[in-house]
Amino acid sequence: MNLRKPTSSEIPAIWKILQQAIERRKQDGSQQWQDGYPNEQSIHNDLASDSAYVLTENDEIIAYAAIIFDIEPAYTDIQGKWLTNEEYVVVHRVATSKEATGKGIATHLFKLIEDLAIDSGVYSIKVDTNFDNIPMLKILDKLGYTYCGEVFFRGSARKAFEKVLRRNL
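Just so you know, the residues in each chain are numbered from 1, in the order the chain's sequence is written. For this predicted model, a pLDDT threshold of at least 70 governs which residues receive local features, and a threshold of 80 or more governs which side-chain atom pairs are given and counted, while totals over whole chains, interfaces and linings are taken from all residues. Where side-chain values are given, they derive from all heavy atoms of the structure, hydrogens and water being excluded.

(A) Structural view of the pattern of salt bridges. In what follows, salt bridge is the name for a side-chain nitrogen of Lys or Arg lying within 4 Å of a carboxyl oxygen of Asp or Glu. This model, assessed by the stated rule, comprises 7 salt bridges. One salt bridge in this structure joins K163 and E114, with 3.0 Å as the shortest N-O distance. Of this pair, K163 sits in strand β8 (residues 156-164) while E114 sits in helix α3 (residues 105-119), and the two are 49 residues apart along the sequence. Burial classes follow relative accessibility: with a 1.4 Å probe on protein chains only, a residue under 20% of its type's maximum area counts as buried, one over 50% as exposed, and anything between as partly exposed. Assessed through its relative accessible area of 11%, E114 is described here as buried. A salt bridge links R158 to D128; the shortest N-O distance between them is 3.8 Å. In this pair, R158 is assigned in strand β8 and D128 in strand β6 (residues 124-129), connecting sequence segments 30 residues apart. D128 shares its class with R158; the two are buried. Going along the chain from the N terminus, every DSSP run of H or I of four or more residues is numbered as a helix, and every run of E of two or more is numbered as a strand.

Below, the structure written as structure tokens:
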């Protein structure tokens, strides 16, 4: 599997994966992503800000994430406390294809994001998810992310997590 930046010609494939994930959230009874976000413009914005990434297997896109090497403004007002105040990577819009669901692909994606962060000299990853996104909550728990409090997006509270990565000395 390969984590890489997509091209604009791959936006339709990415949008299809996001639509599948939106539908899965709905079927799971989750309120996350049921308000018109994310949408196709989100992908365009991620490409424009150089934060769009795809996970491929045999040249087929099987997962998508926005990996942001910048400050997330919503994270400055946490109701709680982050583990660190150092530079961090933000992960948003994680989605796997319908065919990849249940195969550990999102877990593998997060491990590759951790490698990317370390290779970039960043040793903290911050992420948030909805209170009712059980699959993501399980992934974050399994990978050792620490619950730090709540952040707010578009008027809704989100559970916020951080993982401090080991520095290769």
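(B) Region of the structure containing the packing of aromatic side chains. Classification of ring pairs rests on two measures: the distance between centres of Phe, Tyr or Trp rings, Trp counted by its six-membered ring, which must be within 6.5 Å, and the angle between planes, read as stacked under 30 degrees, edge-to-face over 60 and tilted in between. Per the counting criterion, the structure on display carries 5 aromatic pairs. Between Y147 and F161 the ring centres are 5.7 Å apart and the planes differ by 65°, which places this aromatic pair in the edge-to-face class. One end of the pair, Y147, is in strand β7 (residues 146-153); the other, F161, is in strand β8, and 14 residues separate them in sequence. One aromatic cluster is present, formed by Y75, W82, Y88 and F153 through successive ring pairs. The rule for a charge over a ring is simple: NZ of Lys or CZ of Arg within 6 Å of the ring centre, and within 35 degrees of the ring normal. Its guanidinium or amino end placed over the ring of Y88, K126 lies 4.1 Å from that ring's centre, counting from NZ or CZ. Across the ring face of Y147, the terminal group of K159 is positioned such that the distance to the ring centre comes to 5.2 Å.

(C) Summary view of the sheet that holds strand β5 (residues 89-96). Two strands qualify as a pair provided DSSP detects at least 2 bridges between them. The strand order across the open sheet built from 8 strands is β1-β2-β3-β5-β6-β8-β7-β4, with neighbouring strands paired in mixed fashion. Edge positions in the sheet fall to β1 (2-4) and β4 (79-80), since each of these pairs with one other strand and no more. As defined by bridge partners, strand β3 (residues 60-68) adjoins β5 across 5 bridges and the pair is classed as antiparallel. Paired with Y64 across the two strands is A95, which belongs to β5. We call two residues contacting when some pair of their heavy atoms lies within 4.5 Å. In this description, a line fitted to the C-alpha atoms serves as the axis of each element, helices being fitted only across the stretch in contact, and the angle between N-to-C directions of two axes falls anywhere from 0 to 180 degrees. Its contacts with the sheet place α3 against β1, β2 (52-57), β3, β5, β6 and β8, and it is angled at close to 45° to β3.

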